[in-house]
Amino acid sequence: MLHFDKPVFGPIFSRRLGSSLGVNVLPSAGKLCNFDCIYCECGWNRDGRSSGIFPRTEDVRSALEAKLTECAAEGTRIDSITFSGNGEPTLNPDFPALVDAAVEARDRFFPSAKISVLSNATTVGRKEIFEALRKVDNPIMKIDAPTEEGVRILNRPCGNYSLEETLCALERFEGDFILQTMFLKCPEYDSSEEHGLGAWLDIVRRLRPRETMVYTIDRETPQKNLQKFSAEEMRMFTDVLVKEGFMVQVRG
Ligand code: SF4
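Conventions and cut-offs
Residues numbered from 1 in each chain as written. Predicted model: local features only at pLDDT ≥ 70, side-chain atom pairs only at ≥ 80, totals over all residues. Core = buried A, V, L, I, M, F, W, Y, C linked by C-beta atoms within 7 Å. Buried ≥ 20, exposed ≤ 12 C-beta atoms within 10 Å, placed from the backbone. Contact = placed C-beta atoms within 7 Å. Axes fitted to C-alpha atoms, helices over the stretch in contact; angles between N-to-C directions. Helix = DSSP H or I, 4+ residues; strand = E, 2+ residues; numbered from the N terminus. Parallel < 35°, antiparallel > 145°, perpendicular 65-115°, else oblique. Left-handed = near helix turned anticlockwise from the far one by under 90°. Nonpolar A, V, L, I, M, F, W, Y, C, P; charged D, E, K, R; others polar. Pairing = 2+ DSSP bridges. Right-handed = clockwise from strand over helix to strand, strands pointing away.

1. Describing the nonpolar core
With 61 residues, the main nonpolar core has Val23, Val25, Leu64, Ala102 and Met141 as its most contacted residues. Aside from chain neighbours lying at most four places away, what touches valine 23 is Pro7, Val8, Val60, Leu64, Ile81, Thr82, Phe83, Gly85 and Ala102.

2. Here we look at the packing of helix H1 (residues 57-74) against helix H2 (residues 95-109)
Direction vectors running N to C along H1 and H2 enclose 20 degrees, while the axes themselves pass 10 Å from each other. Regarding the angle of H1 to H2, the classification is roughly parallel. Handedness of the H1/H2 crossing: right-handed. In contact with Thr57, Val60, Arg61, Leu64, Glu65, Leu68, Thr69 and Ala72 of H1, H2 contributes Ala97, Leu98, Ala101, Ala102, Ala105 and Phe109. Partitioned by chemical class, the residues of the contact of H1 with H2 number 10 nonpolar, 2 polar and 2 charged.

3. Description of the pairing of strand S4 (residues 114-119)
Most of S4 sits inside the fold, with 5 of its 6 residues counted as buried. Taken together, the 4 bridges between strand S3 (residues 80-84) and S4 define a ladder with parallel strand orientation. Its bridge partner lying in S4, isoleucine 81 is registered against isoleucine 115. Read as a crossover between parallel neighbours, the route from S3 over H2 to S4 is right-handed. Inspection of the sheet shows S4 paired to strand S5 (residues 138-142) by 4 bridges, in the parallel sense. Across the sheet, residue valine 117 finds its bridge partner in S5, namely proline 139. After leaving S4, the chain enters helix H3 (residues 127-134) and then returns to the sheet as S5, a path that is right-handed.

4. Digging into the sheet that holds strand S2 (residues 18-24)
Across the sheet, 8 strands lie side by side as S1-S2-S3-S4-S5-S6-S9-S10; this open sheet has mixed pairing. Looking along the sheet, the strands with just one partner apiece sit at the ends: strand S1 (8-14) and strand S10 (248-251). The sheet shows a mean angle of 25 degrees between the axes of neighbouring strands, direction not considered. Where S5 lies against strand S6 (residues 178-182), 3 bridges are found, and the strand directions are parallel. Paired with methionine 141 across the bridge in S6 is leucine 179. Contacting S2, S3 and S4, H2 runs over the sheet at an angle of about 150 degrees to S4.

And the structure:
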């Protein structure tokens, strides 16, 4: 499974974000997340026990500046500085300071690059996290299932989780965020099932994200019986949103 051992990795080409320089603000070995998604590229939480030692803001800042200096000197394009990596980035207790460090480095070296954060949205109800996410260009927030039961099956939250509270917290973006949803099928869950799909479409209508990214599995997954959807199928599922004027990006 995929684990990053440095605070900065890449750039890697992403169809969603272009040339994306990854920032891992989680412990370097293993995985740290308050979800344990059945499709997680980092594997199950139990198999990826991390050291629990978060990288320090100053270390992330200097690694980022060193890499951006190198990219600028080599003429390497950077479209996005992307918080992702070994789990949920907002769990780093210094997440707001880390965002500030990334914004400063971006402004200095690649002012036209975007700052992106891939998050499972579980912490967005916390004032300091929400305020930090408001400073980034692309807060990409995950809602995979439209019901508490669906979340339990797909995302397997650790500890308390309320989908409704998360949706209320996301409403505070007033649409200025990107919604990300994984579409998959397994014996316990099917993202295309009519009732659930309808409920998910209603969540998009309620949150009115400026963009919705729909994707499916494309790497090894911890649960083995998962089936992907084709891009064509996902376009069909989301076509009604496009007709209603929503921007939907499908990655098959
Ligand atoms: S939220 Fe992301 S990092 Fe966490 S378990 Fe799910 S896919 Fe993995």
